[in-house]
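For reference, the chains in residue letters:
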Amino acid sequence: MAQDTILGVGIIGGGGIAQGVHIPGYQKLSNVKVIGVSDPFEGARAACKTKFGIENVYADFEEMLANPEIQAVSVTTPNFLHAEATIKALRAGKHVLCEKPLAMNAEEGQAMVDAARETGNKLMCGYNYRFTPEVQTLKKFAEAGEFGDMYFARTIAMRRRGIPGWGMFISKEKNGGGPLIDIGVHMLDSTMHVMGFPKPVKVFGQTFQKFGKRSDVTGLMGQWDYKNFTVEDFAAAQILFENGASLHLESSFVAEQEEADKMSFQVFGDKGGLSYNPLKMHTEKYGTLLDITPAYLPKNVQSHHKEIESFVDSVINDKPVYTPGEQALEITKIIDAIYKSGETGEAVTL
Ligand SMILES: NC(=O)c1ccc[n+]([C@@H]2O[C@H](COP(=O)([O-])OP(=O)(O)OC[C@H]3O[C@@H](n4cnc5c(N)ncnc54)[C@H](O)[C@@H]3O)[C@@H](O)[C@H]2O)c1
């Protein structure tokens, strides 16, 4: 695209994440215009029109995709529509920023990546944690070799009473799974990003459903419909990579722990270790053990907005996207394998 043109953007799915971050994120940028929003829900269309002044609203996203003023779209629908909306958008000639997780399963994810390759359009996945100053700092130090050989990681996305009381997050059919595919994917992606995205080769996982189907459990994120809870409420996994490293992952919507919400990871290397939340690095120099805390990182950074800025920059300046569909597909393959392993009790070779 010519660098002085305005990028026309469409939004497929005008709900929470679209109104909360995608639309305001695009509208902050002087080289972008949000041309249209599609949503079958009248309330979402009306809100997008009145709150954000978006002129064109559509009940059917395919009608919106026919608008030639739109060159790029955000797919912000529930998970079960990510693949269909993304593939149709790519084939309609649009670049796509698809919310996480990339897809419900690896088969869908592969079809999305294939469609991007075949059409030559960009496919980015909304793993926004990569854009936090903390993860960016750790990535810089890791790339410079400060931690040496990073051989083990511990990754946590654990809520105490965090089953969402809205949306489709408790439906296996519509969301693909529970905390693992909803929040576990964020921390898994950031950990693997910092580790240089090693290739996963074997996965052993377990899933549990101990609280979600009960009527007597407090909801700190609204009260969900326990009768229709069909996903896991806790998952754990061990992931082995081709380079010999491994990663232990834990993810919950409900667990008996002190913190309401803990998103964190640690990576252990033979020259140093790192931790995200709290942000720390650990090493030894001249016979002295050191704990290093980065200081004066930028505050109040909206990582979703950074992600949107990065997507727009990639499209306008024809650069590779920072969170590529191919890597998001690897995450989806791991998630599939954890669910499969949880069912069979066997490790899954990828
Ligand atoms: N990166 C993050 O931090 C983050 C946070 C929240 C949600 N998400 C992801 O964003 C996606 C949406 O989540 P949400 O919380 O906004 O859900 P939501 O339910 O608030 O919004 C989804 C919207 O999609 C609309 N929709 C349904 N079918 C559609 C169709 N055929 N065409 C167009 N729109 C359609 C719904 O009517 C709804 O308004 C999910 O994939 C979720 O995983 C990401």
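(A) Broad picture of the nonpolar core. Counting 67 residues, the largest nonpolar core has Val 73, Leu 188, Leu 247 and Phe 265 as its most contacted members. Shared between two domains, this core takes at least three residues from each, and those domains are domain 1 (7–126 + 304–323) and domain 2 (130–301 + 332–349). In terms of nonpolar packing, the next biggest core, distinct from the first, is built from 23 residues, Val 9, Ala 18, Ile 23 and Cys 48 among them.

(B) Here's a closer look at the site of the ligand. Contacts to the ligand come from 27 residues, most closely from Gly 16, Ile 17, Asp 39, Asn 79 and His 82. Glu 99 is positioned such that a nitrogen or oxygen atom in its side chain is 3.1 Å from a nitrogen atom of the ligand. Between the ligand and Asn 128, the relevant distance is 3.1 Å, taken from a nitrogen atom to a side-chain nitrogen or oxygen of the residue. Protein contact buries 81% of the 840 Å² of open area that the ligand shows by itself. Elements represented by at least two residues in the shell around the ligand include exactly helix H1 (16–27) and helix H8 (179–194).

(C) Molecular detail of the pattern of salt bridges. Throughout the structure, instances matching the rule amount to 13 salt bridges. One salt bridge connects Glu 84 with Lys 88, and the closest N-O pair in it is separated by 3.0 Å. You can see Glu 84 and its partner Lys 88 sitting in helix H4 (residues 82–91), four residues apart, about one turn around the helix. The structure contains a network of salt bridges with shared partners spanning Glu 62, Glu 84 and Lys 88.

Cut-offs used in this document
Residues numbered from 1 in each chain as written. Predicted model: local features only at pLDDT ≥ 70, side-chain atom pairs only at ≥ 80, totals over all residues. Heavy atoms only, no water. Core = buried A, V, L, I, M, F, W, Y, C linked by side-chain atoms within 4.5 Å. Buried < 20%, exposed > 50% of the residue type's maximum accessible area, 1.4 Å probe, protein only. Domains from an automatic or database assignment. Near = heavy atom within 4 Å. Polar contact = N/O pair within 3.5 Å; in protein donor to acceptor, adjacent residues only side chain to side chain. Areas by Shrake-Rupley, 256 points an atom, 1.4 Å probe, with all protein chains shown as cover. Helix = DSSP H or I, 4+ residues; strand = E, 2+ residues; numbered from the N terminus. Salt bridge = Lys/Arg side-chain N within 4 Å of Asp/Glu carboxyl O.

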